Amino acid sequence: MFRLLVQRGPMGTPAMEVGRLLDLKPSTLSGHLATLKRAGLVETERQHREVLYSPRFDAVNGLVRFLLEDCCGGDEDACAGLELPRT
């Protein structure tokens, strides 16, 4: 679901379209979208009767930096191919 939202970009995707594309029941869809929103990884915008979900790229970048900060115990050879955050 998050990957789909990232692929769709900052303009946002209606919740019902996300559900249709991923073949999810409304209750499953709303639970997952609520989790992403609580985590701060997506934001919402209401347009008439639809709610659009879009990724918060600043939060995603921060999460990736945090997760890779101590990657491989600092062994750059073990992490070859990864772009690690600069400290």
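Note that the structure is a prediction, hence the values are computed from the model and not measured. Every chain begins its residue count from 1, and numbering advances along the sequence as written. Totals for whole chains, interfaces and linings use every residue, but because this is a predicted model, local features are given only for residues with pLDDT of at least 70 and side-chain atom pairs only at 80 or more, for both listing and counting. Side-chain measures here rest on the full set of heavy atoms in the structure, leaving out hydrogens and waters.

## Observations regarding the confidence of the model for the protein
Part 1: A residue's pLDDT is the confidence the predictor assigns to it, expressed on a 0 to 100 scale. On average, the protein scores 88 in pLDDT, and the residues at 70 or more come to 93%.
Part 2: A run of DSSP states H or I qualifies as a helix once it reaches four residues; a run of E qualifies as a strand once it reaches two. Both are numbered from the N-terminal end. Of all the helices and strands in the protein, helix α4 (residues 57-68) carries the lowest mean pLDDT, 88, while strand β1 (residues 13-14) carries the highest, 96.

## Some details on a nonpolar patch on the surface
Part 1: Excluding any residue in a salt bridge, patches collect residues exceeding 30% relative accessible area, merging like charges within 9 Å and nonpolar Val, Leu, Ile, Met, Phe, Trp and Tyr side chains within 5 Å. Note on areas: these come from Shrake-Rupley sampling with a 1.4 Å probe, and a residue is covered only by the protein chains present in the view. For salt bridges, the criterion is a side-chain nitrogen of Lys or Arg within 4 Å of an Asp or Glu carboxyl oxygen. Side chains of Leu63, Phe66 and Leu67 sit close together on the surface and give an oily, nonpolar patch of about 330 Å² of accessible area.
Part 2: You can see Leu63 is positioned in helix α4.
Part 3: Its relative accessible area of 37% is what places Leu63 among the partly exposed residues. Buried means the residue's accessible area, taken with a 1.4 Å probe over protein chains only, is under 20% of the maximum for its type, while exposed means over 50%, and partly exposed covers the values in between.

## So, the pairing of strand β2 (residues 42-47)
Part 1: Note on pairing: two strands pair once DSSP finds at least 2 bridges between them. Bridge count for β2 against strand β3 (residues 50-55) is six bridges, and the pairing is antiparallel. From the neighbouring strand, Glu43 faces β3, where its bridge partner is Ser54.
Part 2: In this structure, the hairpin formed by β2 and β3 is closed by a connection of two residues, where His48 is found at a positive phi of approximately 60°.

## Some words on helix α2 (residues 15-22)
Part 1: For α2, the set of buried residues is Ala15, Val18 and Gly19. With its buried residues spanning 95° around the axis, α2 presents them on a single face. Away from its buried face, by an angle of more than 90 degrees, α2 presents the exposed residues Met16 and Arg20.
Part 2: Buried residues along α2 sit in contact with α1 (2-8), β1, α3 (26-38) and β3.
Part 3: Of the residues one or two after α2, Asp23 is the one with positive phi, at around 55°. The directions considered for the arc run from the helix axis to the C-beta atoms. A contact between two residues is defined here by any heavy atoms of the two lying within 4.5 Å.

## Considering the side chain of Ser54
Part 1: Structurally, Ser54 can be placed in strand β3.
Part 2: Overall, Ser54 belongs to the buried group, its relative accessible area being 7%.
Part 3: Leaving out residues up to four positions away in the same chain, Ser54 has contacts with Gly9, Pro10, Gly12, Leu41, Val42 and Glu43.

## So, the side chain of Thr13
Part 1: Position of Thr13 relative to the elements: it lies in strand β1.
Part 2: Residue Thr13 is classed as buried on the basis of its relative accessible area of 1%.
Part 3: Excluding residues that lie within four positions of it along the chain, Thr13 makes contacts with Leu5, Arg8, Val18, Val51, Leu52 and Tyr53.

## Thoughts on unusual backbone geometry
Part 1: Even without being a glycine, Asp23 presents a positive backbone phi close to 55°.
Part 2: For Asp23, a relative accessible area of 71% translates into the label exposed.
Part 3: In the Ramachandran plot, His48 falls in the positive-phi region, its phi being about 60° despite a non-glycine side chain.
Part 4: In this structure, His48 sits in the loop between β2 and β3.
Part 5: Residue class for His48 comes out exposed when judged on its relative accessible area of 77%.

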